[in-house]
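Single-letter residue listing:
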Amino acid sequence: MVRCTFISSFVLVSLLLLPTLASRSFPTKLDARPSPGYREAPVYRNGDQCQISAPRDSGEMGVCRPFLVHVAMTLDSVYFRGSVAAVNSILRHASCPENIFFHFVADPASSAAGSSPTPDEFARILRSIFPSLAFKVYPFNSSERVKNLISSSIRQALDNPLNYARSYLAEIIDPCVSRVIYLDSDIIVVDDIQKLWSTTLTGSRVIGAPQYCHANFTKYFTNQFWFRPDFSKTFRGKKPCYFNTGVMIMDLDKWRRGDFTGKIEKWMEIQRETRIYELGSLPPFLLVFGGEVHAIDDRWNQHGLGGDNVVNSCRSLHPGPVSLLHWSGKGKPWVRLDERRPCPVDHLWEPHDLYRQRGHNGRRARW
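Residues numbered from 1 in each chain as written. Predicted model: local features only at pLDDT ≥ 70, side-chain atom pairs only at ≥ 80, totals over all residues. Heavy atoms only, no water.

Trainee: Can you help me understand the overall build of the protein in this one?
Mentor: Helix and strand counts for the protein stand at 14 helices and 12 strands. Each of the 367 residues in the protein was classed as buried or not, and the buried ones make up 56%. In the protein, of all internal contacts separated by at least 6 residues, the share reaching a separation of at least 24 is 74%. (Helix = DSSP H or I, 4+ residues; strand = E, 2+ residues; numbered from the N terminus. Buried < 20%, exposed > 50% of the residue type's maximum accessible area, 1.4 Å probe, protein only. Contact = heavy atoms within 4.5 Å.)

Trainee: Explain the environment of serine 178 to me, please; I cannot follow it from the model alone.
Mentor: Turning to its location among the elements, serine 178 is positioned in the loop between helix H6 (169-172) and strand S6 (179-183). Along the backbone, serine 178 and cysteine 64 are 114 residues apart, and their C-alpha atoms lie at a distance of 9.8 Å.

Trainee: Could you clarify how one ought to interpret helix H12 (residues 282-289) in this entry?
Mentor: In an α-helix, one turn spans 3.6 residues, which is why side chains three or four residues apart end up on the same side. Taking burial as the measure, the 8 residues of H12 include 8 buried ones, the bulk of the element. Listing the buried residues of H12 in full gives Leu282, Pro283, Pro284, Phe285, Leu286, Leu287, Val288 and Phe289. Where H12 is buried, its residues touch strand S8 (207-212), helix H8 (223-226), strand S9 (242-243), strand S10 (247-251), helix H10 (252-258) and helix H11 (260-273). In the segment just after H12, glycine 291 is the residue with positive phi, at about 85°.

Trainee: So what exactly am I meant to see when it comes to the pattern of salt bridges here?
Mentor: Once the charged atoms of two side chains with opposite charge are near each other, the side chains can pair. Per the counting criterion, the structure on display carries 17 salt bridges. Among the salt bridges present, the one from glutamate 144 reaches lysine 147, with a minimum N-O distance of 3.3 Å. Of this pair, glutamate 144 and lysine 147 both sit in helix H5 (residues 143-147), separated by 3 residues, roughly a single helical turn. Given a relative accessible area of 45%, glutamate 144 falls into the partly exposed group. (Salt bridge = Lys/Arg side-chain N within 4 Å of Asp/Glu carboxyl O.)

Trainee: Explain the pairing of S6 here, please?
Mentor: Extensive coverage of S6 is indicated by the burial of 5 of its 5 residues. Every second residue of S6 is oriented toward a common face, with Arg179, Ile181 and Leu183 on one face and Val180 and Tyr182 on the other, all of them buried. As judged from the 2 bridges shared by strand S3 (residues 69-75) and S6, these two strands associate in the parallel manner. Within S6, the position partnered with valine 71 by the bridge is isoleucine 181. The pairing of S6 with S10 spans 5 bridges and is antiparallel. Across the sheet, the residue bridging to leucine 183 is valine 247, located in S10. (Pairing = 2+ DSSP bridges.)

Trainee: Quick question: what am I supposed to make of the packing of aromatic side chains here?
Mentor: Two aromatic rings are characterised by how far apart their centres lie and by the angle between their planes. For the coordinates displayed, the defined rule picks out 26 aromatic pairs. Pairing tryptophan 255 with phenylalanine 260 gives two aromatic rings, centres 5.9 Å apart and planes at 55°, and the pair type is tilted. There is no split in this pair, since tryptophan 255 and phenylalanine 260 are both buried. Measuring from ring centre to ring centre gives 5.2 Å for phenylalanine 260 and phenylalanine 289, while their planes differ by 25°; the resulting arrangement is stacked. Of this pair, phenylalanine 260 sits in helix H11 while phenylalanine 289 sits in helix H12, placing them 29 residues apart in sequence. Taken together, the ring pairs connect Phe217, Phe221, Phe225, Trp226, Phe231, Phe235 and Trp267 into an aromatic cluster. The ring centre of phenylalanine 231 lies 4.2 Å from the NZ or CZ of arginine 228, which sits over that ring. Here the basic side chain of lysine 263 rests over the ring of phenylalanine 260, its NZ or CZ set 4.2 Å away from the ring centre. (Phe/Tyr/Trp six-rings, centres within 6.5 Å; stacked < 30°, edge-to-face > 60°. Lys NZ or Arg CZ within 6 Å of the ring centre and 35° of its normal.)

Trainee: Before we go on, may I ask you to explain the state of the cysteines in this structure?
Mentor: Using the criterion set out here, one finds 4 disulfides in the structure. Here cysteine 50 connects covalently by a disulfide to cysteine 96, the sulfurs 2.0 Å from one another. Its torsion about the S-S bond being -100°, the disulfide of cysteine 50 and cysteine 96 is classed as left-handed. Here the residue cysteine 50 occupies a position in the loop between strand S2 (43-45) and S3, and cysteine 96 occupies one in the loop between helix H2 (80-93) and strand S4 (100-106), the gap between them amounting to 46 residues. (Disulfide = S-S within 2.5 Å.)

Trainee: Before we go on, may I ask you to explain the nonpolar core in this structure?
Mentor: Among soluble globular proteins, nonpolar side chains are generally buried collectively. Counting 53 residues, the largest nonpolar core has Leu169, Ile207, Phe221, Phe243, Met250, Trp255 and Phe289 as the members making the most contacts within it. If one sorts the elements of this core by residue count, H12 sits on top with 6 residues. Aside from chain neighbours lying at most four places away, what touches leucine 169 is Ala72, Val105, Val180, Tyr182, Met250 and Leu252. Counting residues in hydrophobic clusters, the runner-up holds 41 residues, among them Val71, Val84, Ala86 and Ile193. (Core = buried A, V, L, I, M, F, W, Y, C linked by side-chain atoms within 4.5 Å.)

Trainee: Sorry, what's going on with the side chain of aspartate 192 here?
Mentor: Tracing the chain through its elements places aspartate 192 in the loop between strand S7 (187-189) and helix H7 (193-197). At 6.2 Å, lysine 195 is the nearest oppositely charged side chain to aspartate 192, a buried residue that forms no salt bridge. In this structure aspartate 192 touches His93, Ala94, Ser95 and Trp300, once residues within four positions along its chain are discounted. (Lys, Arg positive; Asp, Glu negative; His and termini not counted.)

Trainee: Help me understand the confidence of the model for the protein in this model?
Mentor: The predicted coordinates of low-pLDDT regions are not to be read in fine detail. Within the protein, residue pLDDT values average 85, and 83% of them lie at 70 or more. In the model, residues 1-8 has pLDDT below 50 throughout and makes 5 contacts with residues more than four positions away in sequence or in other chains. Confidence drops under pLDDT 50 across residues 358-367; counting only partners more than four residues distant or on other chains, this segment forms 23 contacts. (pLDDT = per-residue confidence, 0-100.)

Trainee: Explain the environment of glycine 280 here, please?
Mentor: Its location among the elements puts glycine 280 in the loop between H11 and H12. Glycine 280 sits 119 residues away from proline 161 along the chain, and the two C-alpha atoms are 9.8 Å apart.

Trainee: What exactly am I supposed to notice about the packing of H11 against H12 here?
Mentor: Packed helix pairs are characterised by how far apart their axes lie and by the angle those axes make with each other. For the pair H11 and H12, interaxial distance at closest approach is 9 Å and the crossing angle is 120°. Judged by the inter-axis angle, H11 sits oblique to H12. The two elements H11 and H12 meet at a crossing, and its hand is right-handed. Between H11 and H12, the residues in contact are Phe260, Lys263, Ile264, Trp267 and Met268 and Pro284, Phe285, Leu287, Val288 and Phe289, respectively. Tallied by class, the residues present in the contact of H11 with H12 amount to 9 nonpolar, no polar and 1 charged. (Axes fitted to C-alpha atoms, helices over the stretch in contact; angles between N-to-C directions. Parallel < 35°, antiparallel > 145°, perpendicular 65-115°, else oblique. Left-handed = near helix turned anticlockwise from the far one by under 90°. Nonpolar A, V, L, I, M, F, W, Y, C, P; charged D, E, K, R; others polar.)

Have a look at this one:
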């Protein structure tokens, strides 16, 4: 029974991987040459039904143009290949790809340590891969501030300061941007992201995300948390559900007015003194927004495809329609593919990969 469900879901997503008819894909060779290690992406053009924005050079990199879909992601050397595939998948399935503006956040501290390119270098590399992409790369200047708040979690990768950048987007991104879709780097989109962008956050809701109310919410916090009434009262009168912070619509105007960055930092300070959770950047979001999230259809986050946070295991797709696949967990598709031990779902990620696999000398290229 499980096998039949997986096969039917696999066929469904395989169909969704085909470019939408509304988008225009022209593999035109532009002046900028691709960065070593990556192929140049096709040029994706708007469909005839798209509203036309102002010229791209108006304002700061055109970031304040009308009709834009704003997408925020982080960049680092470990997940860069995933970020490139994610961007490619978004453009490939968008009806109005030229109206999508990407906000990338990179950590200058990693650059100074020599473990990652600088924000300017990331911008150059991205421009060589996506010559027509509308984007801006922001330095995560709060990374040192975050380091003083991070407590160790069950997986070292979760302790990277960039995992907390989503909590600072309202400070990082230009003030004229009132809302944004935040996406992790280990996703691919197989539907028109305009559909997700069109979601209206109801009432006072600050964020929207797929919710999973069948999950055991209590397991995300320690007994120390639940035994302390001054902590656990935060959920009093609410019906909190688990949600994955790798896919969120964020109202940045409401976030700024409510100082939600400060509220998240307060819980991180408590965690440093009294261990109330084991995971990294997720629990503070649950504490601040649990029971106050605008529910988005589950099709927009088929998460857990990388196994859990400790074991790299293969998982099949959940039944039902799929718009976004998310390799949350320890296993990443590009790693498993390179090691020649892919899971079946990893082959759904592969068509969006722009990495050349090997450089001209037979060795793996860094970029």
